[in-house]
Amino acid sequence: PYGTYVNICGVDIVRGGDGRFLVLEDNARTPSGVSYVVENRHLTQRAFPDLLRDIGVRSVSNYGQRLIAQLSELAAASGRDPSVVLLSPGVYNSAYFEHVFLAREMGVPLVEGRDLVVKDDRVFVKTTGGLQQVNVIYRRIDDDFLDPEAFNPASLLGVRGLFRAYRKGNVVLANAVGTGIADDKAVYAYMPRIIRYYLDEEAILPNVETHICREKEGLEYTLANLENLVVKPVGESGGYGIIIGPLASRKAIREFRRKLRDDPDNYISQPVVQLSVCPTVTRNGVDARHVDLRPFAVTGRDTWVLPGGLTRVALRKGSLIVNSSQGGGSKDTWVIE
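I will try to describe carefully the structure that is included in this document. Please read all numbers here as calculations on a predicted model, not as lab measurements.

**Some words on the overall build of the protein**
Part 1 of the reasoning: Within the protein one finds 8 helices and 19 strands.
Part 2 of the reasoning: In summary, the protein has a C-alpha radius of gyration of 21 Å against a globular reference of 20 Å for 337 residues, a match within 12%.
Part 3 of the reasoning: The dimensions of the protein, computed from C-alpha atoms along their principal axes, are 65 × 55 × 45 Å.
Part 4 of the reasoning: For the protein, buried positions account for 46% of its 337 residues.
Part 5 of the reasoning: A separation of at least 24 residues holds for 62% of the contacts in the protein among residues at least 6 apart in sequence.
Part 6 of the reasoning: By element, 51% of the accessible surface of the protein is carried by carbon and sulfur atoms, the whole surface being about 17600 Å².
Part 7 of the reasoning: Computing the positive centroid from 41 side-chain charges and the negative centroid from 40, the protein places the two 4 Å apart.

In structure tokens, the structure reads:
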């Protein structure tokens, strides 16, 4: 609907040592973290109610209402009832708290694959009153596990026949299947060129300079300057598999050089961006810690950007890795009226 494939997008933005804002990466498959944005604000409001009231901080508490409104528009575009569910992998997923939170905020059923069934190429949710048709699925399951009939046959998380119903246009998936290609860090490197080609304009926010190791020049440059670069696997997330040259041991650099030669297609490299810092309470008092920002954009008929975002903070002194899976934390982020 509306020619939109990415209905919920989280873009990681950093501020470098020269003060410029740069896009670090895109999250277009199943971006997470917005629950922390809302919960952090609720904590701040309880701790400092007078402060927030007096300085005019824009609210983030209506994210759930805006999200359900935009998702309902996707059903309305095809003349269907706005029947929406949130599809989760279940309680063992690291983001399950967020799935519960968002389903509650939107007022929609939280379902797992076993709660849905496909009949006559239509998707239904099982209820105590019988089967009810579902027209929009906000999915928090990766493509591979969505439908054992179409993708991974061993998947127990998805719904058999879901992709058939999707291809027939009988259900909308937010985000669409395949949008995770935008998360690939090699595809990210081409984004300025893609924007220039399709939109005939320059990107408003530039990318971090990126060298693609599958290209001969990119690999040669990376191998020659490994001690000064950040090297990342193209398909990983959460800060896994990364080496930060200036902080790595000689042994680690030697081993990583071997990985690069063995599998160059799997890596990109970037200069070390000295991320901006934010005052942070530590065991030794207030100290500077590196941060990045993930704003969230929600698209139905048009696009709405949450007036705030997930500020992730590297809690270890000197660390440039802010991911929660690597020990990072988060901060309440204010946009003033």
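Read on for the rest.
**Considerations on the environment of threonine 282**
Part 1 of the reasoning: On the secondary structure map, threonine 282 appears in strand β14 (residues 277-282).
Part 2 of the reasoning: Taking C-alpha positions, threonine 282 is 45 Å from aspartate 147, a pair spaced 135 residues apart along the chain.
Part 3 of the reasoning: Those residues in contact with threonine 282 that lie beyond four places of it in its chain are Asp287 and Arg289.
Part 4 of the reasoning: A polar contact is formed between the side chain of threonine 282 and the backbone oxygen of glycine 285, at a distance of 2.6 Å.

**Topic: the environment of arginine 139**
Part 1 of the reasoning: You can see arginine 139 is positioned in strand β8 (residues 136-139).
Part 2 of the reasoning: Residue class for arginine 139 comes out buried when judged on its relative accessible area of 0%.
Part 3 of the reasoning: Each C-alpha atom, one on arginine 139 and one on aspartate 184, is 19 Å from the other, the two residues being 45 residues apart in sequence.
Part 4 of the reasoning: Discounting chain neighbours no more than four positions away, the residues touching arginine 139 are Arg29, Thr30, Leu87, Leu146, Ala174, Asn175, Ala176, Val177, Gly178 and Thr179.
Part 5 of the reasoning: A polar contact of 2.9 Å, which involves the side chain of arginine 139, links it to the backbone oxygen of asparagine 175.

**Considerations on unusual backbone geometry**
Part 1 of the reasoning: The linkage connecting alanine 174 with the following residue, asparagine 175, adopts the cis geometry, with an omega of 5°.
Part 2 of the reasoning: In this model, tyrosine 2 sits at a positive phi of 60°, which is unusual for a non-glycine residue.
Part 3 of the reasoning: As for its position among the elements, tyrosine 2 is in the segment before β1 (8-15).
Part 4 of the reasoning: Judged by its relative accessible area of 35%, tyrosine 2 falls in the partly exposed class.
Part 5 of the reasoning: Positive phi, normally seen in glycine, also occurs at aspartate 121, with a value near 60°.
Part 6 of the reasoning: Summarising the element assignment, aspartate 121 is placed in the loop between β5 (116-119) and β6 (122-127).

**Section: the pairing of strand β2 (residues 21-27)**
Part 1 of the reasoning: The buried fraction of β2 amounts to 6 of the 7 residues, a majority that puts the element mostly inside the structure.
Part 2 of the reasoning: When β1 meets β2, the two strands line up antiparallel, connected through 6 bridges. Residue glycine 10 lies in a different strand from β2, and its bridge partner there is asparagine 27.
Part 3 of the reasoning: Following β1, the chain reverses through 5 residues before pairing antiparallel with β2; glycine 19 in that reversal takes a positive phi of roughly 90°.

**Remarks on the pairing of β5**
Part 1 of the reasoning: Side chains Leu116 and Val118 of β5 all project onto a buried face; the interleaved residues Val117 and Lys119 project onto a face where none is buried.
Part 2 of the reasoning: When β5 meets β6, the two strands line up antiparallel, connected through 4 bridges. In the strand pairing of β6, valine 117 is matched with phenylalanine 124.

**Overview of the sheet that holds strand β3 (residues 84-87)**
Part 1 of the reasoning: With parallel pairing, the 4 strands of this open sheet are ordered in space as β4-β3-β8-β9. Two strands lie at the open edges of the sheet, namely β4 (110-111) and β9 (172-174), each paired on one side alone.
Part 2 of the reasoning: Note: β3 against β4, 2 bridges, orientation parallel. Residue pairing for β4: leucine 86 is matched across the bridge by leucine 110.

**A few points about the sheet that holds strand β13 (residues 267-271)**
Part 1 of the reasoning: The strand order across the open sheet built from 4 strands is β10-β13-β11-β12, with neighbouring strands paired in antiparallel fashion. In this open sheet, the two strands that pair with only one neighbour each are β10 (211-212) and β12 (243-244).
Part 2 of the reasoning: Pairing geometry for β10 and β13, over 2 bridges, is antiparallel. Its bridge partner lying in β13, histidine 211 is registered against serine 269.

Analysis parameters
- Residues numbered from 1 in each chain as written.
- Predicted model: local features only at pLDDT ≥ 70, side-chain atom pairs only at ≥ 80, totals over all residues.
- Heavy atoms only, no water.
- Helix = DSSP H or I, 4+ residues; strand = E, 2+ residues; numbered from the N terminus.
- Rg over C-alpha atoms; globule rule 2.2 N^0.38 Å.
- Buried < 20%, exposed > 50% of the residue type's maximum accessible area, 1.4 Å probe, protein only.
- Contact = heavy atoms within 4.5 Å.
- Areas by Shrake-Rupley, 256 points an atom, 1.4 Å probe, with all protein chains shown as cover.
- Lys, Arg positive; Asp, Glu negative; His and termini not counted.
- Charge placed at Lys NZ, Arg CZ, Asp CG, Glu CD.
- Polar contact = N/O pair within 3.5 Å; in protein donor to acceptor, adjacent residues only side chain to side chain.
- Pairing = 2+ DSSP bridges.

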